[in-house]
Amino acid sequence: MKLAGLKSIENAHDDSVWAAAWVPATEARPALLMTGSLDETVRFWKSDDLVLERTNTGHCLGVVSVAAHPSGVIAASASIDSLVRVFDVDTNATIASLEAPPSEVWQMQFDPKGTTLAVAGGGSASIKLWDTATWRLTATLSIPRPEVSKPSDKSGSKKFVLSVAWSPDGKRLACGSMDGTISVFDAARGKFLYHLEGHYMPVRSLVFSPNDPRKLFSASDDAHVHIYDVEGKSLIGAMSGHASWVLSVDASPDGEAIATGSSDKTVRLWDLRMRAALQTMSNHTDQVWGVAFRAGIRAAGRLASVSDDKSISLYDYS
């Protein structure tokens with residue numbers, strides 16, 4: 001398995017690009033790459049040549065996260081303006097506007113069936129679940145503090161939630177916090193199960209293996225990537241190699257590799273059997289906030305990365 005650079009777009013946005021996600025293909029069009037930027041816009045790009053399809057406006061501050069519904073028909077963007085905007089991918093028509101207090105909207109992800117949108121709640125120390133049929137808030141999953149406080153914890157401080165991920169079977173939700181802990185929930189019952197320990201700095205990105213609901217990958221400011229057995233509640237692997245914070249992680253559709261983006265300005269491809277970095281890509285000139293594999297094993301493998309340098313890079317994965 002390896003990455004080969006296909007194309008890079010300089011100044012893809014007018015400011016830092018903080019988020020990327022692939023919008024699945026529909027009967028009417030192929031898959032699209034969706035990016036969100038501090039320039040307050042969401043942009044859509046053709047998946048094989050990065051030709052700009054359209055630019056969506058609707059936020060009054062920078063976009064920090066984007067998420068695509070499994071149907072490919074709708075998507076959501078979250079902004080520092082404390083608004084999650086749900087919209088039609090092809091028309092940009094607003095479907096819903098989900099409001100939240102300041103600093104309570106960070107990463108988000110639709111569940112595999114597309115019935116629920118989970119939003120990492122930042123300073124609220126919770127995950128908020130929204131019903132995608134009615135766009136009503138159905139649950140707020142609060143994260144309890146660990147029984148033993150870490151030295152990095154400020155006295156009495158609540159957890160600040162940065163990242164969220166669904167297991168591929170939709171049964172588990174995991175979220176990463178500023179203090180380095182990962183919290184796991186039973187999604188159907190809305191019940192907190194346990195914390196996963198091992199990181200001591202913010203966990204900014206999480207992803208489950210697409211073909212093993214037990215396996216969770218995490219990216220942290222401590223420059224490590226961890227592999228957890230979620231059911232066994234244990235850390236089963238740790239990989240290092242980045243020179244600075246690991247800001248993003250995604251798993252390949254075949255489940256055999258992961259990619260990471262870092263503030264060391266690189267993208268790395270990791271072999272999960274060897275538990276080692278196979279490749280380091282240095283296309284960017286500033287920190288890499290997002291990496292995203294295009295889903296679908298039969299389609300040509302694609303990985304996208306986005307950066308503070310305002311650029312997007314597209315790689316072939318084979």
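Residues numbered from 1 in each chain as written. Predicted model: local features only at pLDDT ≥ 70, side-chain atom pairs only at ≥ 80, totals over all residues. Heavy atoms only, no water.

The next subject is the packing of aromatic side chains. Applying the stated criterion across every chain yields a total of five aromatic pairs. Arranged with centres 6.2 Å apart and planes meeting at 80°, the rings of F44 and F87 form a pair that is edge-to-face. With F44 in strand β4 (residues 42-46) and F87 in strand β8 (residues 83-88), this pair connects stretches of sequence that are 43 residues apart. In this structure F87 comes out as buried when scored by relative accessible area, which is 0%. The ring of F44 carries the charged tip of R54 above its face, separated from the ring centre by 5.4 Å. The aromatic ring of W22 is capped on one face by R294, whose charged end is 5.8 Å from the ring centroid. (Phe/Tyr/Trp six-rings, centres within 6.5 Å; stacked < 30°, edge-to-face > 60°. Helix = DSSP H or I, 4+ residues; strand = E, 2+ residues; numbered from the N terminus. Buried < 20%, exposed > 50% of the residue type's maximum accessible area, 1.4 Å probe, protein only. Lys NZ or Arg CZ within 6 Å of the ring centre and 35° of its normal.)

Our focus in this paragraph is the UniProt feature "repeat: WD" (unreviewed entry) in the protein. The UniProt record marks residues 10-46, 56-97, 154-195, 196-238, 239-280 and 281-318 with the feature "repeat: WD" (unreviewed entry), using the residue numbering of this structure. Split by type, residues 196-238 is 0% helix and 65% strand. Its first and last C-alpha atoms lie 13 Å apart. Helix makes up 0% of residues 239-280 and strand 57%. Its end C-alpha atoms lie 14 Å apart. (UniProt positions renumbered as here; feature names shortened; annotations may be inferred.)

Another point: the pattern of salt bridges. Summed over the entire model, instances satisfying the criterion amount to 13 salt bridges. Of the charged contacts, one joins D48 and R302 as a salt bridge, the two residues approaching to 3.0 Å between their closest N and O atoms. With D48 in the loop between β4 and β5 (52-56) and R302 in strand β27 (residues 301-307), this residue pair connects regions lying 254 residues apart in the sequence. Residue classification places R302 among the buried positions, given a relative accessible area of 10%. Taking the shortest distance from any N to any O, the salt bridge between D229 and R214 comes out at 2.5 Å. Placement of D229 in strand β20 (residues 224-229) and of R214 in strand β19 (residues 212-220) is noted, with a sequence separation of 15 residues between them. Given a relative accessible area of 15%, D229 falls into the buried group. Classification of R214 by relative accessible area gives partly exposed; the value is 38%. (Salt bridge = Lys/Arg side-chain N within 4 Å of Asp/Glu carboxyl O.)

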